Amino acid sequence: MIIYVVFFLILALLSIVNYKIEKSLKDYLLFTLFIILLIFIGFRDEVGGDWDTYKGDFSSYIQYFDITTLSYKRDFGYELVSYVLYHLGFSIYSLNLFCAFIFVYALFALGKEYNNYLIILLIAFPFFIIIGAMGYIKQSTAFGFIILSFISLKKDFYLRFLIYSFLAIIFHKSSFPIAIILIISKFRFDFKSLFILFIISLFSYLILSVDKSRILSYFITDSYKSEGVYYRLFINLVAGAIFIFFHKKLHFNSFEKKFISINILLTILGLYYASNYSTIVDRFLIYSSLIQLLIYPKFINLNNNFSMKIFLGSSIFYLLILIGWFTFSNFSLKWIPYNNLLFPGL
């Protein structure tokens, strides 16, 4: 656990001194952080919740994949990349590195959009980076594409939004609700909005219908229980409470406000449905938790006189979340000890 806590504290320290660093040095620092995160996530070895499953799937799913007939086992995008890398002679580490690149690139793109790289990385570290990118590989890659979809829609780049949303859905089907929420948040009663909503809905239906029996068994009947669902609901609700009390001072545009508000409402509804449908609520929270990366950077910089206190409070909150998860979650044992292919014994 120590290496994860130290990494978090380094990000916190860099966030504090960030404003005193010259731009040229800051660019070098961010590039270095980008590479370190790629190595940390992409070259991890025997680390993460579903490591053995993903390692086995890398070779076994190849027999089900056929590009000419579009035949595949679970998620077309992920299996297409697996298929290409496998036949080029690469290993599971190359696939992890590819997925890590999409995810980290998206986080940095969000940092650029809100001019707050380090605080976004800090807030993302416990849940999105450690639990997500190092555990839920397909979902975290889909989440990366959802971030890029969000940024594209915020800038009115509708074609990019469609492309990134399609990529998210084919990497993991569970991303389709948040893609629809994005377009609803931007929705206007015009042909463009209706057309995009129709295309996203139709594409989602076609992708989901191929695997509907397994999805119904896995999600609707909730044959698998997600132990971390209330933990993630609580974290999202804290961010939601901050937005509710300070939304007028956070200066979000109408699209951002609608997106955040819808996700807060669905998080509240998740409290009711979590007991019977924990898996579907938990999978939705993977994407809905994007609101944390939008709210906290603005909240921390809300008041110059109290920004350091707000930053310290937010940092301690997420540090306690990180330590609490490693301490009390049985699932966290799969992250300990941390091993890296390039730096064994780290």
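Nothing here was measured: the structure is a model prediction, and the numbers come from that model. (Residues numbered from 1 in each chain as written. Predicted model: local features only at pLDDT ≥ 70, side-chain atom pairs only at ≥ 80, totals over all residues. Heavy atoms only, no water.)

Asker: What should I look at first to understand the layout of surface pockets in this one?
Answerer: Empty space left among the atoms is revealed by rolling a probe the size of a water molecule over them. Looking at the second largest pocket, its volume works out to about 270 Å³. No other element matches helix 5 (residues 92–113), which puts five residues into the lining of the second largest pocket. For the lining of the second largest pocket, the class distribution of residues is eight nonpolar, one polar and four charged. (1 Å grid on protein atoms, 1.4 Å probe; cavity = no way out; pocket = protein on both sides within 12 Å on 5 of 7 lines; lining within 4 Å. Points joined across faces, edges and corners; volume = space filled by probe spheres on them. Helix = DSSP H or I, 4+ residues; strand = E, 2+ residues; numbered from the N terminus. Nonpolar A, V, L, I, M, F, W, Y, C, P; charged D, E, K, R; others polar.)

Asker: I keep staring at helix 13 (residues 254–273) and nothing clicks. Help me out?
Answerer: An α-helical turn contains 3.6 residues, so any two residues separated by three or four positions project in the same direction. A rise of 1.5 Å per residue sets the reference length of helix 13, with its 20 residues, at 28 Å; its end C-alpha atoms lie 28 Å apart and thus fit the reference within 8%. For helix 13, the complete set of buried residues consists of Phe-255, Glu-256, Phe-259, Ile-260, Asn-263, Ile-264, Thr-267 and Gly-270. Down the axis of helix 13, the sector holding all buried residues measures 160°, keeping them to one side. Facing away from the buried surface of helix 13 by more than 90 degrees, the exposed residues are Ser-254, Leu-265 and Tyr-272. The opening residue of helix 13 is Asn-253, an N-cap whose side-chain oxygen sits 3.1 Å from the backbone nitrogen of Phe-255. (Expected span 1.5 Å × (residues − 1). Buried < 20%, exposed > 50% of the residue type's maximum accessible area, 1.4 Å probe, protein only. Arc of directions from axis to C-beta. Polar contact = N/O pair within 3.5 Å; in protein donor to acceptor, adjacent residues only side chain to side chain.)

Asker: Got a minute to help me understand the nonpolar core in this structure?
Answerer: Inside soluble globular proteins, nonpolar side chains tend to come together where they are buried. The biggest cluster of nonpolar side chains holds 111 residues, and the ones touching the most others in it are Tyr-4, Leu-110, Ile-130 and Phe-150. If you tally residues by element for this core, the top one is helix 6 (residues 117–133), at 14 residues. Beyond its immediate sequence surroundings of up to four residues, Leu-110 is in contact with Ile-120, Ile-147, Phe-150, Ile-151, Leu-290, Leu-293 and Leu-294. Of all hydrophobic cores here, the second largest spans five residues; its members include Val-229, Leu-233, Val-281 and Leu-285. (Core = buried A, V, L, I, M, F, W, Y, C linked by side-chain atoms within 4.5 Å. Contact = heavy atoms within 4.5 Å.)

Asker: What's the story with the confidence of the model for the protein in this structure? I'm lost.
Answerer: Any region with low pLDDT has predicted coordinates that should not be read closely. On average, the protein scores 86 in pLDDT, and the residues at 70 or more come to 88%. Within the protein, the lowest mean pLDDT, 57, falls on helix 11 (residues 212–220), and the highest, 96, falls on helix 5. (pLDDT = per-residue confidence, 0-100.)

Asker: Help me understand the packing of helix 9 (residues 176–185) against helix 13 in this model?
Answerer: Two measures define how a pair of helices packs: the angle their axes make with one another and the distance between the axes. Contact pair helix 9 / helix 13: the axes reach a minimum separation of 8 Å and the direction vectors enclose 135°. Between helix 9 and helix 13, the crossing angle belongs to the class labelled oblique. Along this stretch, helix 9 crosses helix 13, giving a crossing that reads as right-handed. Contacts between helix 9 and helix 13 pair Ile-178, Ile-181, Leu-182, Ile-184 and Ser-185 from the former with Phe-255, Lys-258, Phe-259, Ile-262, Asn-263 and Leu-266 from the latter. By residue class, the composition of the contact of helix 9 with helix 13 is eight nonpolar, two polar and one charged. (Axes fitted to C-alpha atoms, helices over the stretch in contact; angles between N-to-C directions. Parallel < 35°, antiparallel > 145°, perpendicular 65-115°, else oblique. Left-handed = near helix turned anticlockwise from the far one by under 90°.)

Asker: Explanation requested: helix 8 (residues 158–171) in the structure shown.
Answerer: The end-to-end C-alpha distance of helix 8 is 20 Å, a good match for the 20 Å that 14 residues give at a rise of 1.5 Å each. Regarding helix 8, the residues found buried are Tyr-158, Phe-161, Leu-162, Ser-165, Ala-168, Ile-169, Ile-170 and Phe-171.

Asker: What should I look at first to understand the packing of aromatic side chains in this one?
Answerer: Summed over the entire model, instances satisfying the criterion amount to 31 aromatic pairs. Arranged with centres 5.8 Å apart and planes meeting at 50°, the rings of Trp-51 and Tyr-93 form a pair that is tilted. Residue Trp-51 is located in helix 3 (residues 51–60), and its partner Tyr-93 is located in helix 5; the two are separated by 42 residues in the primary sequence. Across the pair, Tyr-93 and Trp-51 agree in class, each one buried. Seen in terms of ring centroids, Phe-108 and Tyr-117 are 6.0 Å apart; in terms of plane orientation they differ by 50°. Their pairing is tilted. Each member of the aromatic cluster is reached from another via a ring pair, and the members are Tyr-4, Phe-7, Phe-8, Phe-40, Phe-125, Trp-325, Phe-326, Phe-331, Trp-335 and Tyr-338. Directly above the ring of Tyr-114 sits Lys-154, whose terminal nitrogen or CZ lies 5.3 Å from the centroid. (Phe/Tyr/Trp six-rings, centres within 6.5 Å; stacked < 30°, edge-to-face > 60°. Lys NZ or Arg CZ within 6 Å of the ring centre and 35° of its normal.)

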